[in-house]
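Spelled out, the chains give:
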Amino acid sequence: MERGVHLKNLLIMKFGGTSMGSAERMRVAADIIAGQKKLRPLTVVVSAMSKVTDLLLETLRRAEVGDKSAVTAGVAALRARHLEASEQLLGKSAAAAQDVEALVNEFQRIANGILMLGERPPRSVDEAIAIGERLSATLLARFLQASGIKALAVNGGEVIVTDAVFGNASPQMEATRQKCIAKLAPAIEEGIVPVVTGFNGATADGRPTTLGRGGSDFSASILAAVLDAQELWIWTDVDGIMTADPRLVKDVAVLDEVTYAEAAELAYNGAKVLHPRTLAPLVEKQIPVWSKNSFALDKPGTKIVSSFDEPKGARAVTSMSDVALVSMEPANAVLSGTRLMARALDALALANVEILVLTSSSYRQTFCFLIRKHDVTSAMEALESNLSIELAHGYLRPIEVDGNVGLLAVVGEGMRGTPGLAGRVFTAISRENTNIIAIAQGSSELTIGIIVRLDMLDKAVRAVHEECQLGKIAAVAEPRA
Ligand code: ADP
Ligand code: ASP
Ligand code: MG
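Residues numbered from 1 in each chain as written. Chains lettered and ligands numbered in written order. Predicted model: local features only at pLDDT ≥ 70, side-chain atom pairs only at ≥ 80, totals over all residues. Heavy atoms only, no water.

K.L.:
Describe the pattern of salt bridges, and please don't skip the residues or the numbers.
P.N.:
Two side chains of opposite charge can pair, provided their charged atoms sit close to one another. All told, the structure shown has 23 salt bridges when counted by the stated rule. Of the charged contacts in the structure, one is a salt bridge between Lys299 and Asp239, with a shortest N-O distance of 3.2 Å. Linking Lys299 in the loop between strand 10 (289-293) and strand 11 (302-305) with Asp239 in the loop between strand 8 (231-236) and strand 9 (257-259), this pair joins segments that are 60 residues apart in sequence. Ionic pairing is found between Arg315 and Glu262, a salt bridge with its closest N-O pair at 2.9 Å. In this pair, Arg315 is assigned in the loop between strand 11 and strand 12 (316-328) and Glu262 in helix 9 (residues 260-268), connecting sequence segments 53 residues apart. Through salt bridges with shared partners, a single ionic network connects Arg424, Arg431 and Glu467. (Salt bridge = Lys/Arg side-chain N within 4 Å of Asp/Glu carboxyl O. Helix = DSSP H or I, 4+ residues; strand = E, 2+ residues; numbered from the N terminus.)

K.L.:
Could you give me a rundown of the pairing of strand 8, with the residues and numbers involved?
P.N.:
When you tally the buried positions in strand 8, you get six out of six residues, the bulk of the element. Side chains of strand 8 alternate between two faces, with Glu231, Trp233 and Trp235 and Leu232, Ile234 and Thr236 buried alike. Inspection of the sheet shows strand 1 (residues 11-15) paired to strand 8 by five bridges, in the parallel sense. Opposite Phe15, over in strand 8, you have Trp235 as the bridge partner. With five bridges joining them, strand 8 and strand 10 adopt parallel strand pairing. Bridge pairing in strand 10 links Thr236 to Asn293. (Buried < 20%, exposed > 50% of the residue type's maximum accessible area, 1.4 Å probe, protein only. Pairing = 2+ DSSP bridges.)

K.L.:
So what about the site of ligand 1? Which residues, and what values?
P.N.:
Taken together, 17 residues form the shell around ligand 1, and within it Gly17, Thr236, Asp237, Met242 and Lys272 come nearest. Taking Lys14, its side chain carries an N or O atom lying 3.1 Å from an oxygen atom of ligand 1. The separation between an oxygen atom of ligand 1 and a polar side-chain atom of Lys272 is 2.9 Å. Compared with its free state, where it exposes 570 Å², ligand 1 has 89% of that area covered by protein. Tallied by class, residues from the shell around ligand 1 come to eight nonpolar, four polar and five charged. (Near = heavy atom within 4 Å. Polar contact = N/O pair within 3.5 Å; in protein donor to acceptor, adjacent residues only side chain to side chain. Areas by Shrake-Rupley, 256 points an atom, 1.4 Å probe, with all protein chains shown as cover. Nonpolar A, V, L, I, M, F, W, Y, C, P; charged D, E, K, R; others polar.)

Next comes the structure, spelled out in structure tokens:
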């Protein structure tokens, strides 16, 4: 079915956790929505109120170890935070308070199940943690209604169809498109603003899933792609995509434009401002994305575009600290390095472990790869069971895991056109007395990844930002035609 004429110019706006963090912030979001609603059809995607997902996850962890009082306290905090926001937004509305109670009770029921079981099935965790977004969506939709804007809270599980990788699910785009056309398009055409929960989806047979931490950005881009949106605006708490994490580096500058490829590299290499998978659904249709600050509405934000007329060299530096380096080495020639790598990669793919950086040495046949810390247990289980015979017979040296490392990445279109850049970056890092453990340059030549000791990571980021004068480059960037 083709979309109706009223879906033309559709704007998708996503509000992150801080932009939904209190009644006051939700009022600002509602004002932004009211302003845009006058201009074009809208769909809104929301995160849970800030820190709520952490609270839900921690409460479930405490439930698993039998800590009943922590569960009681977690549930009480969840209830209090949302009842307070509800009262501040909607006064004594019984209906709003009932929505909150019903959702909090749903969470409590799942937490109690985990308490009894002493185990946290991933599927139950996904069902439980999406309740954060369901609470914030209900409150915002009710507040919009009360302010005279027709709105409808929608559970992302009803419109985003995913595979069954709980905790890190991937969308099935065609099935999602059909659901969105059936459920969202008629509402939008009637002038209703759907307020869709970010972060969650469901399998085709209805099992709840989530898209990974920070996944509301991804939800919004999935909806933008399947609904052929004109633009996607991501509202957050900083002025846009910056030359480095502003919590780490003082003299950062906002980038006025970045390409999809740059934004994706930054996100994959740890820039929390965007979920790593946000850009992928948008590239094919070239849907423009804006990263904007809901705390500074006068700031233009960063526009994410397909390409620049002129490449601009290094543009930003980013880092990841929650990573581990796994090293593997054959003990003798019985096991070839290539065979070992193939077996290891196959095992990791089956265990859904994502490899962030991979380097190898052809002479010693060793190779090492960087993964997220929270994947270490499943990676090691997969590798050790797949290679158990080789390990038992001593063909493969014991697999080593080093959790005391961090990844720094310098990103920019046209870095290859900047002679000596890699050398300058390495020198700047070495000047800080920091050893470089491994280097990886992606085939796109858009990114240089450098693995250093964890305790030197922040220093290295600052040194590279300074050496490449990233704050200055962005500030004096040529205006584009
Ligand atoms: P939201 O809840 O709106 O999704 P996040 O906390 O997920 O917000 O992402 C925004 C945060 O990302 C900023 O507050 C900032 O500290 C951090 N950040 C890290 N790297 C960058 C960067 N290069 N540019 C902008 N922000 C960054
Ligand atoms: N609430 C989820 C999280 O904190 C998703 C998001 O905010 O994007 O991870
Ligand atoms: Mg985020």
